[in-house]
Amino acid sequence: GTPLVRLSGVRKVFNQLEAIRNISLDIGDGAFVSLLGPSGCGKSTLLMMIAGLVRPTSGEIRVNGEVVTGPRADVGVVFQSPVLLPWRTVLDNVLFPVELLKLSKAKYRERAMELLAMAKLADFAGALPRELSGGMRQRAAICRALIHNPSTLLMDEPFSALDAITRDDMSVELLRIWQANRKTVVFVTHSIREAAFLSDRVLVMGRRPATLVEDITIDLPRP
Ligand code: ADP
Ligand code: ADP
């Protein structure tokens, strides 16, 4: 279909260091794309530029046809380590984007509880983040990224803080959510297994200054 995310000649220089060199890329609406590559090659930087949290040095990024100039309501982001507001309950953390976007919290409460149940956190809706394990916090952060139903989900190694079993559970849940909603997902991972299981396209970045070295389409039957 039409590209939902489009990168044109994107380059990023930090001080004197060229992190990303000339990446052009179209990601189709509803695609699940994994981004693989060696540590430090610029995967997070690329994702944060799509998220509007880091500005490219040159080139252009578009989401839903619009040039990205900052964070957007139609994009949800999950960071490698969960960032939750410590004085808010888990439920109110999940509802935080709803508040920022000035939507009705009452309307989204039921959806928040459904997402928390999916993440096996239903019993912790009223708890504070410090009462949760690292893995539970990350699952809450994933719920928060999904609460306002963004068209695009950007995830930076979202499962790296989870134990192996929780990670597999969350992978299956993520796949289920993606199949149900056909969100466009860009998923940064170190794990070839995870990339092959989850995505229908795997992009491999080379060493710094990073360009794309492989663009692989995966066509496997899904569970
Ligand atoms: P990856 O996610 O693939 O591990 P990153 O995107 O985190 O890689 O980093 C790519 C390169 O850019 C690294 O060399 C890193 O040190 C550098 N880098 C990332 N962010 C900054 C920053 N804010 N300032 C300076 N250098 C940075
Ligand atoms: P990890 O952070 O090691 O990945 P998990 O998120 O997988 O841990 O947690 C495993 C399970 O342990 C949770 O689903 C929960 O039932 C229980 N658990 C962990 N921390 C707590 C806590 N602080 N209070 C109550 N139960 C907890």
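Look above for the structure.
The structure contained in this document is the topic of the report that follows. Quick caveat: nothing in here was measured; it's all calculated off a predicted structure. (Residues numbered from 1 in each chain as written. Chains lettered and ligands numbered in written order. Predicted model: local features only at pLDDT ≥ 70, side-chain atom pairs only at ≥ 80, totals over all residues. Heavy atoms only, no water.)

Now for the packing of aromatic side chains. Under the criterion given, the structure shown has two aromatic pairs. Between Phe32 and Phe187, the ring centres sit 5.9 Å apart and the planes meet at 55°, which makes this aromatic pair tilted. With Phe32 in strand 3 (residues 32-36) and Phe187 in strand 8 (residues 184-188), the pair connects residues that are 155 residues apart, well separated along the chain. On the basis of an interplanar angle of 55° and a centroid distance of 5.7 Å, the ring pair of Phe159 and Phe187 is categorised as tilted. You can see Phe159 sitting in the loop between strand 7 (152-156) and helix 6 (164-181) and its partner Phe187 sitting in strand 8, a full 28 residues away along the chain. Using a relative accessible area of 2% as the deciding quantity, one classes Phe159 as buried. (Phe/Tyr/Trp six-rings, centres within 6.5 Å; stacked < 30°, edge-to-face > 60°. Helix = DSSP H or I, 4+ residues; strand = E, 2+ residues; numbered from the N terminus. Buried < 20%, exposed > 50% of the residue type's maximum accessible area, 1.4 Å probe, protein only.)

This part covers the site of ligand 2. Taken together, Phe124, Glu131, Ser133, Gly134, Gly135, Met136, Arg139, Ala161, Leu162, Asp163 and Thr166 are the residues near ligand 2. Between ligand 2 and Gly134 there is a distance of 3.4 Å, counted from an oxygen atom to a backbone nitrogen or oxygen. Relative to its unbound accessible area of 560 Å², ligand 2 is 50% covered by the protein chains. Broken down by element, the residue count for the shell around ligand 2 peaks at four residues, all from helix 5 (residues 134-146). Of the residues belonging to the shell around ligand 2, the class tally is four nonpolar, four polar and three charged. (Near = heavy atom within 4 Å. Polar contact = N/O pair within 3.5 Å; in protein donor to acceptor, adjacent residues only side chain to side chain. Areas by Shrake-Rupley, 256 points an atom, 1.4 Å probe, with all protein chains shown as cover. Nonpolar A, V, L, I, M, F, W, Y, C, P; charged D, E, K, R; others polar.)

One can find Met170 in helix 6. Assessed through its relative accessible area of 5%, Met170 is described here as buried. Sequence separation between Met170 and Phe159 is eleven residues, and the spatial gap between their C-alpha atoms is 7.9 Å. Residues within four places of Met170 in sequence aside, it is in contact with Arg139, Ile142, Phe159 and Leu162. (Contact = heavy atoms within 4.5 Å.)

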